[in-house]
Amino acid sequence: MTPLAFTREGRLVRVVEVRGGRGLTRRLAEVGFTPGSTLRVVSSSRGPVVVELCYSSASRCSSCGSCWRLALSFGLAMKVMVEEVESVERT
Amino acid sequence: MSAHRGSQATRRFKLALVGNPNVGKSVIYNEITGGDAWVGNWPGTTVEKKVGRAVIGGVEFEVVDLPGIYSLSAYTLDEEVAVRFLVEEKPDLVVVILNAVNLERSLYLLLSVLEVGVRVVAALNMIDLAEGQGYKVRSDVLEELLGIRVIPTVAVKGVGIEELRKAILDTLSEPPSTYKVNYGVDVERAIEGLASKIKGYEPAGAKLNVRWLASRLLEEDKYAVELVERLNPELLKVAEEHRRRIEKTLGRPLDEYVVERRYEEASKIASKALIKAGVKKLSLTSLIDYAVTHKVFGIPIMLTAVYLMFRLAFDVATPLCTLVDYAFSSYLPSLISSLPMPEFASSLIGDGVVAGVGSVLIFLPNIALLFLALALLEDVGYLARAAFVVDKVMHKLKLTGKSIIPLLLGFGCNIPGVMATRAIEDEQDRKTTALATPMISCAARLPVYLVFAGALFTAYRGSVVFSMYLWSVIFAALTAIILRKALFKGVSTGFIIELPPYMAPQAKSVCFKTWLRCKRFLLKAGTVIVAVVVVVWLLSVTGPSGYLGVGALEDPELIEQSWIGVVGHWLEPIFTPMGWDWRASSALLVGFLAKEAVVGAMGVLYGVGEEGLSGAIASSFTPLTAYAYMLFVLLYVPCVATLATIRGEMGFKYALLALAYELALAYSVAALCVGVGHLLGVA
Ligand SMILES: Nc1nc2c(ncn2[C@@H]2O[C@H](COP(=O)(O)OP(=O)(O)O)[C@@H](O)[C@H]2O)c(=O)[nH]1
Ligand SMILES: [Mg+2]
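Residues numbered from 1 in each chain as written. Chains lettered and ligands numbered in written order. Predicted model: local features only at pLDDT ≥ 70, side-chain atom pairs only at ≥ 80, totals over all residues. Heavy atoms only, no water.

Chemist: Describe the overall build of chain A, naming the residues involved and giving the relevant values.
Modeler: Along its length, chain A carries 2 helices and 6 strands. When the 91 residues of chain A are sorted by exposure, 64% land in the buried category. Within chain A, residue pairs in contact and separated by at least 24 positions form 62% of the contacts whose partners lie at least 6 positions apart. When the accessible area of chain A is evaluated, it comes to approximately 3,300 Å², of which 47% is carbon and sulfur surface. (Helix = DSSP H or I, 4+ residues; strand = E, 2+ residues; numbered from the N terminus. Buried < 20%, exposed > 50% of the residue type's maximum accessible area, 1.4 Å probe, protein only. Contact = heavy atoms within 4.5 Å. Areas by Shrake-Rupley, 256 points an atom, 1.4 Å probe, with all protein chains shown as cover.)

So, in structure tokens, the structure goes:
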């Protein structure tokens, strides 16, 4: 389990937990960072991170092009704990 | 609700627009109201409030544009404003705008609004983009699952707007939504128990939605807690007990669980309404994003974009500025002086009012083009990326990526720059940025640099002017760091920026944004600066001995007797260390009111007009004192209009603070410049 801030570009990761105060956890959940959700790291360079979330949670994909993108400041990305997903389920 | 029907013809209904940021809410607002808007702030906040009027099928509506939000959890100021409005002002109908390319998150917000128990019509916007990406969203399925009307729209093309209007009218006579998200047995039981307790304390006629209030109370929502505390603080204890018990069985925080349940419900609905047609292989957005957010290329790409933007703003604007200049400094004055009028009136109109209006309009081409370029970058989707790219650099300066927009606007005019800080969520970040923006060298300061650099640094003219811009950025950064250390100590809460898919800009939306910003600039700058120029005119033609006559504007001997000259003499000793005479001091006084007036004032004070000014400056200043003067002009208070804007955004206290800080900084820097220069033996 690593902080999202330290993941590498292009990886598919799953959110394990969000470590923050109640308000923060909730704020992140509301934009899509709920435990179990899968996201792709688009850009990460020890600064802010760009991730891509896909909108059909039943079948998270990584290349449909209709996923939405969020940039997260480094500080917030440090609070989202993720694990890498091995088998990429393509749709 | 019989009162509604009875007086539909005369009553004005309250309609609110709700949606995530960037769903096209402003476009729909304009379609519904025809662009009619009163823009102000929500009470006690800097969150923008937009209210307009619309008539649909003969029924009159007051349309309120609520801030773009992700939820109703009162976590950010925007959300608090929205939830407060829905609960306290009880709009007759709420239009929730959904994003077809981001259905899940839109539905999350929609569910939150439905739970409040208001009448809702949903607009399913951006269906063109969804289809372009190989998706189809079935609005009929959404209607059935949610029990409300859902109208597909392409707001920018006006598609579906008529249907939306009709649905609004039809829904007005329907009962409010009773949609319930099922939170599971335990939570539901607690909600019920709590709701009936709250009901017991409800004041008569309050019409609170107690189920909603109870569920939010369990979540410890800031606003719900505040509301219930006012009813009876005991209720908070009851809620706390319930929460503790449920959290024990759940084994996790309740608010997290509740948000997740709501999210699950939203995804379930989304997956039922979605039909995936074909899937596009390659996403253009991914490709472009790869380049523009790249760690090596990101910054150069951004700098290029900014450079091009400024070239557009300054190069294209030059002929337009010349035209405005001709109109206001040659054509109109000669026209006015040819009219049969007393000398006093003709000078008041010509040298006061017309000069004042001209001094505002002369910057309009620059500023309008800068706004246009920014609106283009924004609508294409690049601005959000730029904020991301510079965040790392900005972070070192203790600012956030989002500070870049106010700072860029500041190069045109500090006023819209300060206003644009509204978009920064974090209060500390917002205030720091607003106070750092006046350090940015606006277009009004450029003429001063040009005259001084031309007079004393002929060979290095360009570099000297450029160095002012460099100092401007350095001092903005320094100011931010100082403010962060001394005043706004809290850590930034960090940002979440949505990166919308790239799209071709729509002329209508770009023009509208540009126009709206220009209009605000004209209103603010127009009123303050015109007033100021008239006051300066008055102070120049009158003195301690009374009215001097309009001849003072052309006669350096006479103007020395005017208030401007007298105060200049008072100020002279203060500026003696820098080697500036009373005329330079008087010009600073004028510049305090509006920077662009400095050059013109100097022309009058030296009795040479703007053409001979170079020579006069060359003989009164040395390169060193001139450079110090330029630094002073850069740093001391941009103008009264900017101070007034800071006061409007942050309050009187901060405007005073900005004034004191900027004066102190300008004076120390100019003195330091002269001191160091003498030490180094520069004259
Ligand atoms: N393709 C497409 N673009 C849209 C549509 N509606 C709005 N837009 C664009 O989306 C962007 C954001 O719109 P705006 O009204 O400013 O969003 P707001 O933040 O919700 O007020 C603008 O560039 C609009 O031109 C739509 O239905 N289709
Ligand atoms: Mg808007």
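Chemist: Run through the overall build of chain B, naming residues and quoting values.
Modeler: Scanning chain B from N- to C-terminus turns up 31 helices and 12 strands. Residues classed as buried in chain B amount to 55% of the 683 residues present. In chain B, of all internal contacts separated by at least 6 residues, the share reaching a separation of at least 24 is 72%. In the structure as shown, chain B presents an accessible area of about 28,700 Å², 64% of it carried by carbon and sulfur atoms.

Chemist: Summarise the site of ligand 1; cite the residues concerned and give the values.
Modeler: All names here are of chain B. Contacts to ligand 1 come from 20 residues, most closely from Asn22, Lys25, Ser26, Asn125 and Asp128. Gly24 is positioned such that a nitrogen or oxygen atom in its backbone is 3.1 Å from an oxygen atom of ligand 1. Side-chain polar atom of Ser26 to an oxygen atom of ligand 1: 2.6 Å apart, as the coordinates give it. Here ligand 1 has 580 Å² of accessible area as a free molecule, and 91% of this is covered by the chains. Breaking the shell around ligand 1 down by element, the ones donating at least two residues are α2 (25-33), α5 (127-132) and α23 (507-541). (Near = heavy atom within 4 Å. Polar contact = N/O pair within 3.5 Å; in protein donor to acceptor, adjacent residues only side chain to side chain.)

Chemist: Explain the interface of chain A and chain B to me, using residue names and the numbers behind them.
Modeler: Across the boundary between the two partners, chain A contributes 39 residues, which contact 49 residues of chain B. Across the chain A/chain B interface, buried area totals approximately 3,900 Å², and carbon plus sulfur atoms make up 55% of it. Summed over the shared surface of chain A and chain B, the result is 0 salt bridges. Connecting chain A to chain B are 2 residue pairs in polar contact (both at pLDDT 80 or more). Mapped onto the side of chain A that touches chain B, the elements with two or more residues apiece are α1 (22-30), β3 (38-44), β4 (49-53) and β5 (68-72) of chain A. (Buried area = accessible area lost by both parts, 1.4 Å probe. Salt bridge = Lys/Arg side-chain N within 4 Å of Asp/Glu carboxyl O.)

Chemist: So, the nonpolar core: which residues are in play, and what are the values?
Modeler: The biggest cluster of nonpolar side chains holds 115 residues, and the ones touching the most others in it are Phe452, Trp580, Met602, Ile617, Phe621 and Tyr629 of chain B. The biggest single contributor to this core is helix α29 (residues 623-635) of chain B, with 11 residues. Val18 and Ala77 of chain A together with Val87 and Val141 of chain B belong to the second-largest nonpolar core, a separate cluster that totals 98 residues. (Core = buried A, V, L, I, M, F, W, Y, C linked by side-chain atoms within 4.5 Å.)

Chemist: How would you sum up the packing of helix α21 (residues 446-456) of chain B against α29 of chain B? Please name residues and give values.
Modeler: All names here are of chain B. Following both chains from N to C, one finds α21 and α29 inclined at 175°, their axes separated by 10 Å at the closest point. By the angle between their directions, the pair α21 and α29 is classed as roughly antiparallel. Residues Val448, Tyr449, Phe452, Ala453 and Leu456 of α21 form the contact with α29, whose own contacting residues are Pro623, Ala626, Tyr629, Met630, Val633 and Leu634. Looking at the contact of α21 with α29 residue by residue, the classes come out as 11 nonpolar, no polar and no charged. (Axes fitted to C-alpha atoms, helices over the stretch in contact; angles between N-to-C directions. Parallel < 35°, antiparallel > 145°, perpendicular 65-115°, else oblique. Nonpolar A, V, L, I, M, F, W, Y, C, P; charged D, E, K, R; others polar.)

Chemist: Any chance you could break down the confidence of the model for chain A for me, citing the residues and the numbers?
Modeler: Residues and elements named next belong to chain A. For chain A, the average pLDDT comes to 74, and 77% of its residues sit at 70 or higher. For the stretch residues 56-65, pLDDT sits under 50, and the model shows 27 contacts to residues farther than four places along the chain or on other chains. Considering only residues more than four positions removed or in separate chains, one finds that residues 87-91, a stretch of pLDDT under 50, has 10 contacts. (pLDDT = per-residue confidence, 0-100.)

Chemist: Residues and numbers for the confidence of the model for chain B, please.
Modeler: Residue and element names in this part refer to chain B. Scored by pLDDT, chain B has a mean of 84; 95% of the residues are at 70 or more. Here residues 1-8 is modelled with pLDDT under 50, and outside its nearest four sequence neighbours on either side it reaches 8 contacts, counting other chains as well. Note on the complex model: pTM 0.67, ipTM 0.82.

Chemist: Tell me about the environment of Thr153 of chain B, and please be specific about residues and values.
Modeler: All names here are of chain B. Secondary-structure assignment places Thr153 in the loop between β8 (149-152) and α7 (161-171). Accessibility expressed as a relative area gives 0% for Thr153, which makes it buried. The sequence separation of Thr153 and Glu163 amounts to 10 residues, and the corresponding C-alpha distance is 8.8 Å. Excluding residues within four positions of it along the chain, Thr153 makes contact with Ile28, Ala123, Leu124, Asn125, Met126, Ile127, Val159 and Gly160.

Chemist: Lay out the environment of Phe85 of chain B with the relevant residues and their values.
Modeler: Structurally, Phe85 of chain B can be placed in helix α3 (residues 77-89). In sequence terms Phe85 of chain B and Ala16 of chain B are 69 residues apart; their C-alpha atoms lie 8.9 Å from each other.

Chemist: Now, about the packing of aromatic side chains: what can you tell me, with residues and values included?
Modeler: All names here are of chain B. Overall, the coordinates contain 17 aromatic pairs over all chains when judged by the stated rule. With a centroid separation of 5.1 Å and an interplanar angle of 80°, the aromatic rings of Phe452 and Phe621 are classed as edge-to-face. Note that Phe452 is positioned in helix α21 and Phe621 in the loop between α28 (613-620) and α29, a separation of 169 residues in sequence. Each member of the pair, Phe452 as well as Phe621, carries the same accessibility label: buried. (Phe/Tyr/Trp six-rings, centres within 6.5 Å; stacked < 30°, edge-to-face > 60°.)

Chemist: Break down helix α30 (residues 640-650) of chain B for me, citing the residues and quoting the values.
Modeler: Within α30 of chain B, the full set of buried residues consists of Ala641, Thr642, Leu643, Thr645, Ile646, Glu649 and Met650 of chain B. Directly beyond the C-terminal end of α30 of chain B, a positive phi value near 110° is found at Gly651 of chain B.

Chemist: Describe a positive patch on the surface, and please don't skip the residues or the numbers.
Modeler: A contiguous patch of positive charge on the surface is contributed by Arg46 of chain A together with Lys295, Lys392 and Lys396 of chain B. Position of Lys396 of chain B relative to the elements: it lies in helix α17 (residues 382-396). Relative accessible area serves as the criterion here: at 63%, Lys396 of chain B is assigned to the exposed category. (Patch = residues over 30% accessible without salt bridge, like charges linked within 9 Å, V, L, I, M, F, W, Y side chains within 5 Å. Lys, Arg positive; Asp, Glu negative; His and termini not counted. Charge placed at Lys NZ, Arg CZ, Asp CG, Glu CD.)

Chemist: So what's going on with the packing of α2 of chain B against α7 of chain B? Which residues, and what values?
Modeler: Helix-helix packing: each pair is described by the crossing angle between the helix axes and the interaxial distance. Residues and elements named next belong to chain B. Viewed as axis vectors pointing N to C, α2 and α7 meet at an angle of 70°, and their least axial separation amounts to 11 Å. With respect to their mutual orientation, α2 and α7 come out roughly perpendicular. Where α2 approaches α7, its residues Ile28, Glu31 and Ile32 are matched on the opposing element by Ile161, Leu164, Arg165 and Ile168. Split by residue class, the contact of α2 with α7 holds 5 nonpolar, no polar and 2 charged.

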